[in-house]
Amino acid sequence: MEETDLTLWGMGTVRNLRVHWMLMEMGLDYTFYPVHPRSGETYTEEFLKINPRHKVPVLRHRDVVVTESAAIISYVSEAFAPPPGIYVPATAQARAKLNEWCFFIMTEFDAHTLYVIRRHTTFSSLYGESPTACKAAKEYFMDQLQAIAPLIDKSGFLVGGKLSCADILLTTCIDWAIEYSFELPPNIVAYHEQHSNRPAYKGAFRKTFMDPASIPDLMRIPR
Ligand SMILES: N[C@@H](CCC(=O)N[C@@H](CS)C(=O)NCC(=O)O)C(=O)O
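Residues numbered from 1 in each chain as written. Predicted model: local features only at pLDDT ≥ 70, side-chain atom pairs only at ≥ 80, totals over all residues. Heavy atoms only, no water.

Q: Got a minute to help me understand the side chain of Thr113 in this structure?
A: Looking at the secondary structure, you find Thr113 in helix H4 (residues 92-120). Here Thr113 falls in the buried class, since its relative accessible area comes to 1%. Each residue touching Thr113, except ones within four places of it in the same chain, is listed here: Glu108, Ala137, Tyr140 and Phe141. (Helix = DSSP H or I, 4+ residues; strand = E, 2+ residues; numbered from the N terminus. Buried < 20%, exposed > 50% of the residue type's maximum accessible area, 1.4 Å probe, protein only. Contact = heavy atoms within 4.5 Å.)

Q: Is there a simple way to think about the environment of Ser181 in this case?
A: Tracing the backbone through its elements, the reader meets Ser181 in the loop between helix H7 (165-179) and helix H8 (186-196). For Ser181, a relative accessible area of 58% corresponds to the exposed category. Spatially, the C-alpha atoms of Ser181 and Asp167 are 21 Å apart, while their sequence positions differ by 14 residues.

Q: So what exactly am I meant to see when it comes to the site of the ligand here?
A: Within the structure, the ligand sits among 13 residues, and His54, Lys55, Val56, Glu68 and Ser69 are positioned closest to it. A distance of 2.8 Å separates an oxygen atom of the ligand from a polar atom in the backbone of Val56. A distance of 2.7 Å is found between a nitrogen atom of the ligand and a side-chain nitrogen or oxygen belonging to Glu68. Here the ligand loses 88% of its free accessible area of 510 Å² to cover by the protein chains. (Near = heavy atom within 4 Å. Polar contact = N/O pair within 3.5 Å; in protein donor to acceptor, adjacent residues only side chain to side chain. Areas by Shrake-Rupley, 256 points an atom, 1.4 Å probe, with all protein chains shown as cover.)

Q: In this structure, what is going on with the packing of H7 against H8? I would like to understand it.
A: In a packed pair of helices, the relevant descriptors are the angle between the two axes and the axis-to-axis distance. Their axes nearest at 10 Å, the elements H7 and H8 cross at an angle of 115°. Here H8 runs roughly perpendicular to H7, going by the angle between their axes. The crossing of H7 and H8 is left-handed. Across the interface between the two elements, Ala166, Asp167, Leu170, Thr171, Ile174, Asp175 and Ile178 from H7 touch Ile188, Tyr191, His192 and His195 from H8. For the contact of H7 with H8, the class distribution of residues is six nonpolar, three polar and two charged. (Axes fitted to C-alpha atoms, helices over the stretch in contact; angles between N-to-C directions. Parallel < 35°, antiparallel > 145°, perpendicular 65-115°, else oblique. Left-handed = near helix turned anticlockwise from the far one by under 90°. Nonpolar A, V, L, I, M, F, W, Y, C, P; charged D, E, K, R; others polar.)

Q: What should I look at first to understand the packing of helix H3 (residues 69-79) against H7 in this one?
A: Viewed as axis vectors pointing N to C, H3 and H7 meet at an angle of 150°, and their least axial separation amounts to 10 Å. As for how H3 packs across H7, the hand of that crossing is right-handed. Each of Ala70, Ile73, Ser74 and Ser77 in H3 lies in contact with H7, whose residues at this interface are Cys165, Ile168 and Leu169. Tallied by class, the residues present in the contact of H3 with H7 amount to five nonpolar, two polar and no charged.

Q: Can you help me understand the nonpolar core in this one?
A: Most often, soluble globular proteins keep nonpolar side chains buried together rather than apart. Core analysis: the largest hydrophobic core is formed by 61 residues, its most contacted members being Leu23, Ile105, Phe109, Leu114, Leu170 and Phe182. Elements with a minimum of two residues in this core: strand S1 (6-9), helix H1 (14-25), H3, H4, helix H6 (131-148), H7, H8 and helix H9 (199-208). In terms of domain composition, this core takes at least three residues from each of domain 1 (6-85 + 203-219) and domain 2 (92-161 + 164-197). With residues up to four places along the chain from it excluded, the contact list for Leu170 reads Ile105, Phe109, Ile148, Ile152, Leu158 and Tyr191. In this structure, Trp9, Val35, Phe47 and Val58 belong to the second largest nonpolar core, which totals five residues. (Core = buried A, V, L, I, M, F, W, Y, C linked by side-chain atoms within 4.5 Å. Domains from an automatic or database assignment.)

Q: What exactly am I supposed to notice about the sheet that holds S1 here?
A: The strands that make up a sheet are held in pairs by hydrogen bonds between backbone atoms, and each pair lies either parallel or antiparallel. Read from one edge to the other, the open sheet built from four strands follows the order S2-S1-S3-S4, with strand pairing classed as mixed. Strand pairing shows two members of the sheet lacking a second neighbour, strand S2 (31-33) and strand S4 (64-67), which therefore form its edges. Between one strand and the next, the sheet's axes are offset by a mean angle of 15°, whatever the strand orientation. Pairing of S1 with strand S3 (residues 58-61), which is carried by four bridges, proceeds in the antiparallel orientation. From the neighbouring strand, Thr7 faces S3, where its bridge partner is Arg60. Sheet strands in contact with H3 are S3 and S4, and its direction is about 135° off that of S4. (Pairing = 2+ DSSP bridges.)

Q: Help me understand the pattern of salt bridges in this model?
A: Counted according to the given criterion, the structure contains eight salt bridges. With a closest N to O distance of 2.6 Å, Glu100 and Lys97 form a salt bridge. With Glu100 and Lys97 both in helix H4, this residue pair falls three residues apart, about one helical turn. The exposure class of Glu100 is partly exposed, given its relative accessible area of 44%. Each of Arg15, Arg18 and Asp110 takes part in a single network of salt bridges with overlapping partners. (Salt bridge = Lys/Arg side-chain N within 4 Å of Asp/Glu carboxyl O.)

Written out as structure tokens, the structure is:
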């Protein structure tokens, strides 16, 4: 493992999984504070100094604090030397194509559709039930997924012929869709299987979804 000065706050959801996954793909050691969203820990005075928007994941690298899962994994892929299996674009044109995928996945899948469903099902006690919004969100998610399914080539990578931030974002959105029991196109199922079988994904999954009750108190941020 490379010697680093990296600290990650966040567990319990696929947005946090993304960051553990990228750090593990990159072979980077990091200090982990297992802060669970909606546990109250994102509202402690200590945590609000790190992210006033009370959200995880948050990554600190030396004096840089980065929030937003997509921004964090992009930063990690560029701040350290990538291993041969990780794609990092070298030109503005190549960066544009990677960004195109990342922004598409984060807006159309993560924010506009999957999270809308989360708000009005899992968190309906906070945001209210809305079957109409959920139905429309699911239909739009499936429409956009069908549109991109033919663009995934046989290599199983979205861009650059290797694993990139875009693959981490799409795979974790598919995790979410599987949780909702969506029926997925066969090549999307194969794509998800390919990536979720990577050792780094599996290691990240264990770390992200471990039982919070098993975390020693000293690992938690002071209240
Ligand atoms: N767009 C952000 C979303 C971050 C986010 O909403 N995180 C949730 C967990 S997935 C959270 O920390 N919720 C705690 C809260 O709302 O207080 C990202 O991708 O990182």
